[in-house]
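In case you want the letters, here they are:
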Amino acid sequence: MAPFKTAKFKIEGGKPLDGEVCISGAKNAALPILLATILTKDEIVLHNVPDLADVKTSFELLKQLGKQCSYDKNLGTAVISGCVTSKVASYELVKTMRASIMALGPLTAFLGEAAVSLPGGCAIGARPVDLHIKGMKELGADIILDDGYIKAVAPGSERLKGGHINMDKVSVTGTENLMMAATLADGETIIENAALEPEIVDLAKCLRAMGAKIKGDGTSRICIEGVKELHGCEHTVVADRIEAGTYLIAGIATHGIVRCVNTLPSTLDVLLQKLKQANAIIEVDGTTITADMRNRRILPVDIVTAPHPGFPTDMQAQFTVLNSLADGVSSVTETIFENRFMHIAELNRMGAHLEIRGNVVICSGVKMLKGAQVMSSDLRASASLVIAGLAAEGTSIVDRIYHMDRGYEHIEAKIRNLGGTIERIY
Ligand code: EPZ
């Protein structure tokens, strides 16, 4: 039988990128916000929703739950309405998108019960959801794990109750799931050791527009005063800081100049500092960020990933490409996920000198990478291989780019607009 044909990118590298790229709405804000629509039967209008595989999967999930969804991908506008009628987020769907776990909180809060498939692990790690479950129990939910599903029931199948949740570890979707659940709980909820990511702040903004009473989002202590019901609203999704960072690094790795428009620079402070340390000229003007690396050599920069506002783990693979081309030795330390180095072997096939020692990669910079056939393993690893292909001498073929389609809108068009040579082949 012919092997399953997966889409690939064919990239001609070695040319400096030069141009402007319009940054889309953030995948990691759009996903929880789409699931927050479960919390009301009223109409929600969302703008700047990116046209991504994971967004399409979220619409599928919402429709399976009984919501009406329409999406104009040219405008980036989604309209969600109607009352959920089903409590089940099926395995078939959850296995394609782990973020579906965030249906657990809203379904239990709105319907009084939920049955959400346990998401499996993924390439970058086991990705447990024990903190989501522990927090739901603190909100009074009765939880059993049965048949690969998390089955939750609110007290008397009615309403969750406010609680004092202490997150043992900082968890982005854990914080989001529980914040959404608490909006309709009876009484006050405190979430300690909450994640501080900008996408959480954007979700809280949308929930407040729906009538939720939330304070402290963006800090490690979030207070939610439960209300009886939430209403419709209109919300514009925040810019994608990881997409912006990815294109800035692509410009720097190719010794070009890239201007990202429609960004939110305040969400990228640490990354921009590190790019300056790599010897890039970084200019911020309102919502535009420009990286200029023309005729400049790349300096090595040590990186340690950390929860926001630290260096984002979602930028680790991309920055490693920069360090692989730097004048000198640097280290990249991954502290969030246990297996987020799947791109290292692929980069070494392109001539990089990267050595894994536990959760650290020692990068000995080389003058030039060479185009090669490489394989994506996860979303951000695929982005790092595309950047490496654009920087490398010669032709690269990046396979399994369905990973990249999950998180980067209109990739080929945006890269071509920057002067890159890329085409999708099968
Ligand atoms: C979110 O994943 C993002 N996904 C990830 O982006 C991002 O890499 C990650 O946060 C860290 O910033 C979305 O927002 C949809 P965590 P999430 O819970 O929430 C452990 C991308 O590329 N943990 O913050 O799943 C976990 O194993 C994706 O866009 C538990 O132990 O990550 C990890 O080591 C990849 N138990 C750490 O906490 C739990 O119940 C942080 O994970 C939950 C998490």
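Refer to the structure presented above.
Residues numbered from 1 in each chain as written. Predicted model: local features only at pLDDT ≥ 70, side-chain atom pairs only at ≥ 80, totals over all residues. Heavy atoms only, no water.

S.K.: Tell me what's going on with the overall build of the protein chain, and back it up with residues and numbers.
M.R.: Looking only at helices and strands, the protein chain features 14 helices and 24 strands. At 22 Å, the protein chain has a C-alpha radius of gyration in line with the 22 Å of a compact globule built from 426 residues. When the 426 residues of the protein chain are sorted by exposure, 59% land in the buried category. Taking the contacts inside the protein chain whose residues are at least 6 apart along the sequence as the reference set, 73% of them involve residues at least 24 apart. A total accessible area of about 16400 Å² is found for the protein chain, and carbon and sulfur atoms account for 51% of it. Computing the positive centroid from 44 side-chain charges and the negative centroid from 49, the protein chain places the two 3 Å apart. (Helix = DSSP H or I, 4+ residues; strand = E, 2+ residues; numbered from the N terminus. Rg over C-alpha atoms; globule rule 2.2 N^0.38 Å. Buried < 20%, exposed > 50% of the residue type's maximum accessible area, 1.4 Å probe, protein only. Contact = heavy atoms within 4.5 Å. Areas by Shrake-Rupley, 256 points an atom, 1.4 Å probe, with all protein chains shown as cover. Lys, Arg positive; Asp, Glu negative; His and termini not counted. Charge placed at Lys NZ, Arg CZ, Asp CG, Glu CD.)

S.K.: Now, about the packing of aromatic side chains: what can you tell me, with residues and values included?
M.R.: Summed over the entire model, instances satisfying the criterion amount to 2 aromatic pairs. Note on Phe59 and Tyr71: the rings are 5.3 Å apart at their centroids and 40° apart in plane angle, and the pair reads as tilted. Here Phe59 is found in helix H2 (residues 53–64), whereas its partner Tyr71 is found in strand S4 (residues 68–72), with 12 residues between them in sequence. On the basis of relative accessibility, which here comes to 24%, the residue Tyr71 falls in the partly exposed class. Taking the centre distance of 5.7 Å and the plane angle of 85° together, the rings of Phe311 and Phe319 count as edge-to-face. Each member of the pair, Phe311 together with Phe319, is buried. (Phe/Tyr/Trp six-rings, centres within 6.5 Å; stacked < 30°, edge-to-face > 60°.)

S.K.: Break down unusual backbone geometry for me, citing the residues and quoting the values.
M.R.: Of note, the bond from His308 into Pro309 is cis; its omega dihedral lies within 30 degrees of zero at 10°. Within the secondary structure layout, Pro309 lies in the loop between strand S18 (303–304) and helix H10 (316–324). Here the phi dihedral of Asp147 falls at roughly 65°; this positive angle occurs in a residue that is not glycine. In this fold, Asp147 is placed in the loop between strand S8 (142–146) and strand S9 (149–153).

S.K.: Explain the environment of Pro16 residue by residue, including any values.
M.R.: Tracing the chain through its elements places Pro16 in the loop between strand S1 (8–12) and strand S2 (18–22). Take Pro16: its relative accessible area is 47%, and that puts it in the partly exposed class. Sequence separation between Pro16 and Ile222 is 206 residues; the distance between their C-alpha atoms is 44 Å. Beyond its immediate sequence surroundings of up to four residues, Pro16 is in contact with Thr254, His255 and Gly256.

S.K.: Talk me through the side chain of Ser100; I want residue IDs and the actual numbers.
M.R.: Turning to its location among the elements, Ser100 is positioned in the loop between helix H3 (91–94) and helix H4 (104–111). For Ser100, a relative accessible area of 0% puts it in the buried group. Dropping the residues within four chain positions of it, Ser100 is found in contact with Leu35, Leu61, Leu93, Val94 and Val116.

S.K.: Residue-level account of the site of the ligand, with values.
M.R.: Residues in close proximity to the ligand total 20 residues, the closest being Asp130, Ser171, Thr173, Asp314 and Ile336. Here an oxygen atom of the ligand and a backbone polar atom of Leu131 are 2.7 Å apart. Here the ligand has 830 Å² of accessible area as a free molecule, and 89% of this is covered by the chains. It is helix H5 (residues 130–138) that provides the largest number of residues to the shell around the ligand, a total of 3 residues. Residue classes in the shell around the ligand are distributed as 8 nonpolar, 5 polar and 7 charged. (Near = heavy atom within 4 Å. Polar contact = N/O pair within 3.5 Å; in protein donor to acceptor, adjacent residues only side chain to side chain. Nonpolar A, V, L, I, M, F, W, Y, C, P; charged D, E, K, R; others polar.)

S.K.: Before we move on, can you summarise the sheet that holds strand S3 (residues 44–47) with the specific residues and values?
M.R.: Spatially, S4-S5-S3-S14 is the arrangement adopted by the 4 strands of the open sheet, whose pairing is mixed. Since the sheet does not close on itself, it has two edges, and those belong to S4 and strand S14 (233–236), each with one partner. Between one strand axis and the next, the sheet turns through 15° on average, direction left out of account. Note that S3 and S14 share 4 bridges and pair parallel. The residue of S14 that forms the bridge with His47 is Thr236. The strands touched by H2 within the sheet are S4 and strand S5 (77–81), with S4 carrying the most contacts at an inclination of about 155°. (Pairing = 2+ DSSP bridges. Axes fitted to C-alpha atoms, helices over the stretch in contact; angles between N-to-C directions.)

S.K.: Explain the packing of H4 against helix H6 (residues 172–182) residue by residue, including any values.
M.R.: One can describe the packing of H4 onto H6 by two numbers: an axis separation of 7 Å at closest approach and a directional angle of 10°. Here H4 is positioned roughly parallel relative to H6, judged by the angle of their axes. From H4, Leu104, Gly105, Pro106 and Ala109 reach across to H6, where they touch Asn177, Met180 and Ala181. Residues belonging to the contact of H4 with H6 are distributed by class as follows: 5 nonpolar, 2 polar and no charged. (Parallel < 35°, antiparallel > 145°, perpendicular 65-115°, else oblique.)

S.K.: Describe helix H1 (residues 27–36), with residues and values.
M.R.: Of all 10 residues in H1, 9 are buried; the element is thus mostly enclosed. What H1 keeps buried is the set Lys27, Ala29, Ala30, Leu31, Pro32, Ile33, Leu34, Leu35 and Ala36.

S.K.: Pulling in residues and values, what's your account of the state of the cysteines?
M.R.: What the rule picks out here adds up to 0 disulfides. Not part of a disulfide, Cys22 finds its nearest cysteine sulfur in Cys260, a span of 9.6 Å. When its relative accessible area of 0% is taken as the criterion, Cys260 is described as buried. (Disulfide = S-S within 2.5 Å.)

S.K.: Which residues make up the sheet that holds strand S6 (residues 88–89), and what values go with them?
M.R.: On the basis of which strands lie adjacent, the open sheet formed by 4 strands has the order S6-S7-S9-S8 and mixed pairing. The open sheet is flanked by S6 and S8, the only strands paired with a single partner. Pairing of strand S7 (residues 113–117) with S9, which is carried by 5 bridges, proceeds in the antiparallel orientation. When the sheet's bridge partners are listed, Ser117 is paired in S9 with Tyr149. Sitting on the sheet, H4 is in contact with S7 and S9, with an inclination near 160° to S7.

S.K.: Can you break down the pairing of S7 residue by residue, with the values?
M.R.: A large share of S7 lies buried, amounting to 4 of its 5 residues. Bridge analysis of S6 against S7 gives 2 bridges, and the strand direction is parallel. Following the sheet pairing, Val88 is matched in S7 by Ala115.

So far we have only geometry, and geometry alone does not tell us how the molecule works.
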